[in-house]
Amino acid sequence: MIHMKSIRFSVLLTAVILILAQSAGAAEPRELTIDSFASLVKQYSKDLKLAQKDREEADAQKSEAISLALPHVSAQASYTRNLSDTYMYMDLSSLTGEDGIMKVDANRNNEYAAGVSLRQTLFSPTVFNAIEAAKQYRKMTDYIYDATYQQIMTLAKQAFSQTLLLEKVVEVAAMSEQNAYDNYIDTKNKFDNGLASEFELLQAESRYRERVPTTASAKRNLDLALIDLKNLAGIPVDTEIKLIGSLDTYPDMPTNVGLDIVLEQRPDYNALLWEERLRKTDVSAQRSAYFPSLSAVAGYGYAAQSNDFKLEEENNSWTVGLVLSVPIFQGGETRARVRQANVRLEKSRLELSRFRDDVEKQLQGVKLRLTEAHARIASAKASLETANKAFSIAEKTSKVGLTTQLELKDARVAKDQATVGYYSAVFEYLAAWYDWQRISGAMTESDS
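Below you will find a few notes about this structure. (Residues numbered from 1 in each chain as written. Predicted model: local features only at pLDDT ≥ 70, side-chain atom pairs only at ≥ 80, totals over all residues. Heavy atoms only, no water.)

## Considering the nonpolar core
Phase 1 of the analysis: Within the largest apolar cluster, 60 residues are counted, with the highest numbers of intra-cluster contacts made by Leu32, Phe37, Met153, Leu243, Leu247, Val359 and Tyr422.
Phase 2 of the analysis: Setting aside residues no more than four positions away along its own chain, leucine 243 makes contact with Leu32, Phe160, Thr163, Leu164, Glu167, Leu226 and Leu229.
Phase 3 of the analysis: In terms of nonpolar packing, the next biggest core, distinct from the first, is built from five residues, Ala180, Tyr184, Leu201 and Tyr208 among them. (Core = buried A, V, L, I, M, F, W, Y, C linked by side-chain atoms within 4.5 Å. Buried < 20%, exposed > 50% of the residue type's maximum accessible area, 1.4 Å probe, protein only. Contact = heavy atoms within 4.5 Å.)

## Quick word on the sheet that holds strand S8 (residues 315–325)
Phase 1 of the analysis: Pairing within the open sheet is antiparallel, and its four strands lie in the order S2-S5-S7-S8. Among the strands making up the open sheet, the edge pair consists of strand S2 (72–81) and S8. Looking at each pair of strands side by side, their axes are set apart by 15° on average, direction ignored.
Phase 2 of the analysis: In this sheet, strand S7 (residues 293–306) lies alongside strand S5 (residues 110–123) in antiparallel orientation, the contact comprising 13 bridges. In the strand pairing of S7, valine 116 is matched with tyrosine 300. (Pairing = 2+ DSSP bridges. Helix = DSSP H or I, 4+ residues; strand = E, 2+ residues; numbered from the N terminus. Axes fitted to C-alpha atoms, helices over the stretch in contact; angles between N-to-C directions.)

## Concerning helix H2 (residues 34–44)
Phase 1 of the analysis: Of all the positions in H2, only Phe37, Ala38, Leu40 and Val41 are classed as buried. Each buried residue of H2 sits inside an arc of 160° when the element is viewed along its axis, so together they form one side.
Phase 2 of the analysis: Tucked into the core, H2 has its buried residues touching strand S1 (30–33), helix H3 (46–67), helix H4 (125–192) and helix H5 (198–233). (Arc of directions from axis to C-beta.)

## Topic: empty space enclosed by the protein
Phase 1 of the analysis: One pass over the full model with this rule turns up one cavity of 30 Å³ or more.
Phase 2 of the analysis: When its volume is computed, the largest cavity comes out at roughly 40 Å³.
Phase 3 of the analysis: Taken together, Ala147, Gln150, Gln151, Arg266, Pro267, Asp268 and Arg438 make up the full set of residues lining the largest cavity.
Phase 4 of the analysis: Looking at which element gives the most residues to the lining of the largest cavity, the answer is H4, with three residues.
Phase 5 of the analysis: Of the residues contributing to the lining of the largest cavity, the split by class is two nonpolar, two polar and three charged. (1 Å grid on protein atoms, 1.4 Å probe; cavity = no way out; pocket = protein on both sides within 12 Å on 5 of 7 lines; lining within 4 Å. Points joined across faces, edges and corners; volume = space filled by probe spheres on them. Nonpolar A, V, L, I, M, F, W, Y, C, P; charged D, E, K, R; others polar.)

## Comments concerning the packing of H3 against H4
Phase 1 of the analysis: In the contact formed by H3 and H4, the axes pass within 8 Å of each other and the chain directions differ by 170°. Here H4 runs roughly antiparallel to H3, going by the angle between their axes. The residues of H4 that touch H3, namely those facing Asp47, Leu48, Ala51, Gln52, Asp54, Arg55, Ala58, Asp59, Gln61, Lys62, Ala65 and Ile66, are Ala130, Ile131, Ala134, Lys135, Tyr137, Arg138, Thr141, Asp142, Tyr145, Thr148, Tyr149 and Ile152.
Phase 2 of the analysis: Looking at the contact of H3 with H4 residue by residue, the class counts come to 12 nonpolar, four polar and eight charged. (Parallel < 35°, antiparallel > 145°, perpendicular 65-115°, else oblique.)

## Digging into the pattern of salt bridges
Phase 1 of the analysis: This model, assessed by the stated rule, comprises 22 salt bridges.
Phase 2 of the analysis: Across the pair arginine 266 and aspartate 268 runs a salt bridge whose closest N-O atoms are separated by 2.8 Å. Accessibility assignment for this pair places arginine 266 and aspartate 268 in one class, buried.
Phase 3 of the analysis: Across the salt bridge formed by glutamate 351 and arginine 354, the nearest N and O atoms sit 2.9 Å from each other. Taken together, the residues span about one helical turn, with glutamate 351 and arginine 354 both in helix H8 (residues 333–398) at a distance of three residues.
Phase 4 of the analysis: On the basis of relative accessible area, glutamate 351 is assigned to the partly exposed category, the value being 35%.
Phase 5 of the analysis: A single network of salt bridges, built from pairs that share partners, joins Arg55, Asp59, Arg138 and Asp142. (Salt bridge = Lys/Arg side-chain N within 4 Å of Asp/Glu carboxyl O.)

As structure tokens, this is what we get:
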């Protein structure tokens, strides 16, 4: 008896341990709001990281350009082992008045040399233009980064809202399937009691069977959308997440904004403006090849030679000077480069003009989308209220035999379609509203 009690106690203890282990191992799903999701996307987006690398590269180019205007100092040292003698020949008549040639050994076995040189640019249009171009390029990459950031944040918020819509679709599909199943069971009980025909039972079963794959398809689409969200946010795919948000509320219709104000706020337009400035500087830089440059140089040199490994017969020299470089003829190369730079400048101006037209069309397009989606929300909301009321009536009357299974099925389908239609309209409005934020230049850091 004691042995049996011990066994039962052991089994009970094992069961409790397993239950506790499962409870401890079950992690709570990670909750994500649209703001926290956008923050993660900003942190893990590879496109943003690439844009950030462009900014870092621009910083390096700016430092390189500035270095051209700073002093350049270099040092060198050398040792030479002479394997053969070198001679100098002197005419003795210039020294003694007597004819003859004197042969003098001019080198030693070992020669040592060291030197330090300094070069400072005093005037160079090329260097000055390079520094200015580097600053302009850095500013342009800032705006390019901002434009990339806004595009990614817009897509991220649209993806988040779309996933909320898919959750609603799954919810509606699951409810529809459950209602169809409950109706099937109810009809089956009536059939078993002789209160419903076999045809009504088959209709109810068919309706239930139809909803099963629809729900499965909706869940699959939701699972794929959740995987995409996790990839965007840098979350492991096997981590369960829970979206905190709703499609029941949406912002009001935005007010109209003037084109000039929009362009002033658009980072991609500002990037093109800075590109135009950069092209102007490029023209000046190419023309600077026509002008001279002036540099100051200074140097110190040390030399020694000896037949032994020691420093003897030493010489020290100090030099300072100016170097003026004047271009005279380069075969038309400079003129060709100036022409190319001018063509690039004209292309950038055409890009600005075309972009201005594109933004104007984008504003008109997104305004039409917002107006249409807003009207659809009102219409879908009215349709949903009507469909809910119709289904409620059909459901009540079907229980007393005043509504057929086919009529109940139609009412349920209309209700499901109206529900999905309403939330789809809200999503389309939100997607258009996020696009409007970016297109109108109203999107800020706090918006994402």
